Amino acid sequence: MDKSQLVGHIRRLCLPHLALHANATATQCQAKIVLAYSGGVDSEVLAYGLSEFAKIFPQFACVLVHVHHGISRHADKWVTHCQQKAADYNLPIIIERVKLDLKPRQSLEAVAREARYHAIEQHLGSGDILLTAHHQDDQLETLLLALKRGQGPKGLAAMGEYQLAGSAVSPYYKLRPLLQVSRDEIVQFSAEHALTHIEDESNQDDSYDRNFLRLNIIPLLKSRWPSIALTASRSAELINEQQQLIEHEVSSRLPAMLKVSQGTNMACNGTGLSLSLLAKAPLAWQALLLRGYLTHLGLSLPSQVQLNQILSQALTAKEDANLNIYYSGIVVKRFGQYLYAMPSEHLTLADDLPLRLTEKLQGWLNATNVNEEVNAEVQHNAVLALSNPSCHINATHLLFTPFNWHVNLVKSHTGIRLKLPDNIYQVSIRFSAKGNTKCQPQFAEHFRQKPRELKKLWQELSIAPWRRDHIPLLFYGDELVGALGLWVDKRYLAQDNALGLQIDILTSG
């Protein structure tokens, strides 16, 4: 590989995705190229190539991002090396320092990789390009690890030169320009151009699976079959073609099987997967569709054993069965004829949330004047604050929708409104009430003729059991007078032109 070929690899992948081939005379391109720059020989060669590319296409904003993991005692020296090389290449560099939170039974290698990508993604916007220095030998390692783990076509497809990543709101391109280049070619290029690079001592530790393959197994395989990295890469490409066909078919079947809660976020159960339609699919497609559903939500996938357990229990359980299956921080539940998956942490509220919201509401009620509108900041946000984009599941992972809500409180003389409390300091917000508590809901365009038990109202509004304790309830003393974002109790409405409290409610129930 010579310099023109190196730049050619970058150009071949980057230009089509940013359409620069059609606008090569532009003075400035809004999208940028970000290189994950470790300073090792692979990323060093790619950084050199990117600097040459930037000279040809100055309209590209190119930047290096180096992540300081704090694992090696040499990490600070590596930062200095990367900064000096970035100056030589005339490329800006960003240094990100991360702190690894290693939990029991977690791989340091995997946690470091996740932290690294998370840090780098902070610098990627919609349409940007992330370059990584994976090469042909990395592809062989990935394929062998997938075989060791018993993975299917998706895992055996290994890495592709192109991958759309991020969310649909802010997707970026993950490109691997060196994937068709062998490690030997990269090392040779580095030597010929006198490129200095760092040597990570952990790369010699064969207690890590990837290092074990790189140091002990792959050299042996190459001594027997010198072109095995090339042929394995070809097999991965063929498997990837088949996987793309599968994903395309899943993406065409899945939308008709999904149920997305309508109305306000308060009444949102999440995105459900139709069990009746899933049951009609052949067994092999049931597994593929369930994986597609989880991928659509941006959730991690279960093992084969766990996936079979989910399918078995979900498809054979009674409609009112209390299904709870946990795996890797994900919980799978059933409500009616739909399956729902979500991060388990989204089912937990902060212990002090009711008190904080109550104090805000009491303070506002005490301080506001007639017709003064306020945003009461009564908003609950789950631990993973993720967006709610929608796109084809084979295009990008989606970020799971947290059960957020937002309610406006307005003092007014008109409209549907609660009478003001006699004692402000007896007003409270709670997140649970006894199921036999009776309410007479007043919606925006409809009201119930008679009081109904709270548990019946939850059922009639199709609010899933796991959501019911997340609905903020407004109490005057011990009396439930409204469910914020859903209804107010008709028995506590302000009369005539009396000043009252307006709250966002559903159109109808």
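The structure under discussion appears in the preceding block.
One numbering rule holds for all chains: residues counted from 1, following each sequence as written. In keeping with the model being predicted, local features are shown solely for residues with a pLDDT of at least 70 and side-chain atom pairs are shown and tallied solely at 80 or more, while totals for entire chains, interfaces and linings include all residues. Side-chain metrics in this entry use all non-hydrogen atoms of the structure; hydrogen atoms and water are not considered.

Participant: Run through the pairing of strand E9 (residues 324-327), naming residues and quoting values.
Facilitator: For each residue, the accessible area found with a 1.4 Å probe, counting protein chains only, is set against the maximum for its type, and the residue is called buried under 20%, exposed over 50%, and partly exposed in between. Each helix is a run of H or I in the DSSP string that is no shorter than four residues. Each strand is a run of E no shorter than two, and both are numbered from the N terminus. Residues Ile-325 and Tyr-327 point to one face of E9 and are all buried, whereas Asn-324 and Tyr-326, pointing to the other face, are not buried. Two strands pair under a simple rule: DSSP has to find at least two bridges between them. Note that E9 and strand E10 (residues 330-335) share four bridges and pair antiparallel. In the sheet register, Ile-325 faces E10, and the bridge partner there is Val-332. From the end of E9 to the start of E10, which pair antiparallel, there are two residues, and Ser-328 there has a positive phi angle of about 45°.

Participant: Let's hear about the sheet that holds strand E1 (residues 32-36): which residues, and what values?
Facilitator: Judged by pairing direction, the sheet is mixed, and its six strands sit side by side in the order E3-E2-E1-E4-E6-E5 without closing on themselves. The sheet is open, and its two borders are formed by strand E3 (93-97) and strand E5 (162-166), each paired with just one other strand. Strand after strand, the sheet turns through a mean of 30° between neighbouring axes, direction not considered. Sheet analysis places E5 next to strand E6 (residues 171-175), joined by five bridges and oriented antiparallel. Opposite Gln-163, over in E6, you have Lys-174 as the bridge partner. Axis lines are fitted to C-alpha atoms, over the contacting stretch for helices. Their N-to-C directions set the angle, which ranges from 0 to 180 degrees.

Participant: How would you sum up the pairing of strand E20 (residues 479-483)? Please name residues and give values.
Facilitator: Within E20, four of the five residues are buried, leaving the element largely enclosed by the surrounding structure. Where strand E19 (residues 473-476) lies against E20, four bridges are found, and the strand directions are antiparallel. Residue Phe-475 lies in a different strand from E20, and its bridge partner there is Leu-480. Where E19 folds back onto E20 in an antiparallel hairpin, the turn is made up of two residues, including Gly-477, whose phi is positive at roughly 65°. With two bridges connecting them, E20 and strand E21 (residues 487-489) associate as antiparallel partners. Pairing of Ala-483 across the sheet is with Trp-487, part of E21. Counted along the chain from E20 to the antiparallel partner E21, the turn is three residues long, and its residue Gly-485 has a positive phi close to 85°.

Participant: Let's hear about the pattern of salt bridges: which residues, and what values?
Facilitator: Salt bridge, as applied in this entry: a Lys or Arg side-chain nitrogen positioned within 4 Å of an Asp or Glu carboxyl oxygen. Counted according to the given criterion, the structure contains 19 salt bridges. Where Arg-97 meets Asp-76, a salt bridge forms, and the shortest distance between an N and an O atom there is 3.7 Å. Of this pair, Arg-97 sits in strand E3 while Asp-76 sits in helix H3 (residues 75-89), placing them 21 residues apart in sequence.

Participant: Outline unusual backbone geometry, supporting the account with residue identities and numerical values.
Facilitator: Excluding glycine, residues mostly carry a negative phi; peptide bonds, for their part, are mostly trans. At Ala-194, a residue that is not glycine, the phi angle is positive and equals roughly 50°. Within the element layout of this structure, Ala-194 appears in the loop between helix H7 (183-192) and helix H8 (209-224). The backbone phi angle of Asp-496 is positive, close to 55°, even though this residue is not glycine. Residue Asp-496 is classed as exposed on the basis of its relative accessible area of 70%.

Participant: Any details on the nonpolar core? Residues and values, ideally.
Facilitator: Working definition of a nonpolar core: buried Ala, Val, Leu, Ile, Met, Phe, Trp, Tyr and Cys residues. They are joined through side-chain atoms within 4.5 Å. Ranked by internal contacts, the top residues of the largest apolar core, which has 35 residues, are Cys-14, Ile-33, Leu-50, Phe-53 and Leu-131. Those elements giving two or more residues to this core turn out to be helix H1 (3-18), E1, helix H2 (41-56), strand E2 (61-68), H3, strand E4 (129-131), E6 and H7. We call two residues in contact whenever any of their non-hydrogen atoms come within 4.5 Å of each other. Excluding its chain neighbours within four sequence positions, the residues that come into contact with Ile-33 are Cys-14, Leu-50, Phe-53, Phe-60, Ala-61, Cys-62, Val-63, Ile-129 and Leu-131. Core analysis: the next-biggest nonpolar cluster, separate from the first, contains 32 residues, Leu-254, Leu-278, Leu-290 and Met-342 among them.

Participant: Tell me about the environment of Glu-479, and please be specific about residues and values.
Facilitator: With respect to the helices and strands, Glu-479 occurs in strand E20. Glu-479 gets classed as partly exposed once you look at its relative accessible area, which sits at 42%. Residues contacting Glu-479, with those up to four places away along its chain left out, are Leu-474 and Tyr-492. Residues adjacent in sequence count toward polar contacts only when both atoms are side-chain atoms; beyond that, a polar contact is any pair of N or O atoms within 3.5 Å, and within protein one must be able to donate a hydrogen and the other to accept it. There is a polar contact of 3.1 Å between the side chain of Glu-479 and the side chain of Tyr-492.

Participant: Outline the packing of helix H9 (residues 228-253) against helix H11 (residues 283-296), supporting the account with residue identities and numerical values.
Facilitator: In the contact formed by H9 and H11, the axes pass within 10 Å of each other and the chain directions differ by 75°. With respect to H11, the axis of H9 lies roughly perpendicular. Across the interface between the two elements, Ile-246, Glu-249, Val-250 and Arg-253 from H9 touch Trp-285, Leu-288, Leu-289 and Gly-292 from H11. Each residue gets one of three labels, nonpolar for Ala, Val, Leu, Ile, Met, Phe, Trp, Tyr, Cys and Pro, charged for Asp, Glu, Lys and Arg, and polar for the others, Gly among them. The class makeup of the residues in the contact of H9 with H11 is five nonpolar, one polar and two charged. Between 65 and 115 degrees an angle is taken as roughly perpendicular, under 35 as roughly parallel, over 145 as roughly antiparallel, and anywhere else as oblique.

Note that every value here comes from positions in space, so none of it alone points to a role or purpose.
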